[in-house]
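# Architecture and fold: a report
Listed below are the residues making up each chain.
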Amino acid sequence: MSEKIILAYSGGLDTSVAIKWIQEKYGYEVVTLTADLGNVSDLPGIKQRALDVGAISARIEDVRSEFVRDFVFPALRANAMYQGVYPLATALGRPLIARLMVEAAREEGASAVAHGCTGKGNDQVRLDVSVGALAPDLKVIAPAREWGMTRLQEIEYADIWR
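Cut-offs applied
The residue numbering used here restarts from 1 in each chain and proceeds along that chain's sequence as written. A pLDDT threshold of at least 70 governs which residues receive local features in this predicted model, and a stricter bar of 80 or more applies before side-chain atom pairs are shown or counted, although totals over entire chains, interfaces and linings include all residues. Neither water nor hydrogens contribute to the side-chain values; these are computed over all heavy atoms in the structure. A run of H or I in DSSP counts as a helix once it spans at least four residues, and a run of E counts as a strand once it spans at least two, with each numbered from the N terminus. Partly exposed describes any residue whose relative accessible area lies between the buried limit of under 20% and the exposed limit of over 50%, with all areas from a 1.4 Å probe on protein chains only and scaled to the type maximum. Any two residues whose heavy atoms approach within 4.5 Å at even a single point are treated as in contact. A pair of strands is treated as paired once DSSP finds two or more bridges between them. By convention, a crossover is right-handed whenever its connection, traced from the first strand over the helix to the second and viewed with the strands pointing away, goes clockwise.

## Some thoughts on the environment of Ile 141
- Secondary-structure assignment places Ile 141 in strand S7 (residues 139–141).
- Residue Ile 141 is classed as buried on the basis of its relative accessible area of 0%.
- When the C-alpha positions of Ile 141 and Phe 71 are compared, they lie 25 Å apart, and in sequence the two are 70 residues distant.
- Apart from the residues within four sequence positions on either side, Ile 141 is in contact with Ile 5, Trp 21, Tyr 26, Tyr 28, Val 113, Ala 114, His 115 and Glu 146.

Put into structure tokens, the structure is as follows:
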């Protein structure tokens, strides 16, 4: 039995390609984790996509109440804005997703977690640092940072499984 990894999974191209890429590059069995923060419309479809691509399990966590109570309301009370303009809703969800990934890794016996963030934004930092603070023993893999594929190359890579 190979080692497991928990992949923060949106159901989009990057994280769907990441499932096979992680299996091929690292040999991990991939368990996906989708956090329902209230902004996802097709959870059954996302779960099925993960399984169709090759995840051994696809977890969906309904954390809408917790997200609003512990992250959104405190930020609203503090009038938290990114660059003084944008509400911090997306950024606020990352520490919660990191905690869910760590919890899932413990439950699944995984030795690593992964996410689909590129090297371009702050979401990668939010996830990497949060996981590192909660579980320094877990390896963090960010396929989109490593593989260097263009969007077209990702689509071509994904096409090989049809």
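## Thoughts on the pairing of strand S1 (residues 4–8)
- In terms of residue burial, S1 counts as a mostly covered element, since five of its five residues are buried.
- Side chains Lys 4, Ile 6 and Ala 8 project from S1 onto one buried face, and the interleaved Ile 5 and Leu 7 project onto a second face that is buried too.
- Both S1 and strand S2 (residues 29–36) contribute to a ladder of five bridges, which runs parallel. Bridge assignment links Lys 4 to a residue of S2, and that residue is Glu 29.
- The parallel pair S1 and S2, bridged by helix H1 (residues 13–26), forms a crossover whose chirality is right-handed.
- Examined bridge by bridge, S1 and strand S6 (residues 112–114) share three bridges and lie parallel to one another. Looking at S6, one finds that Leu 7 is bridged to Ala 114.

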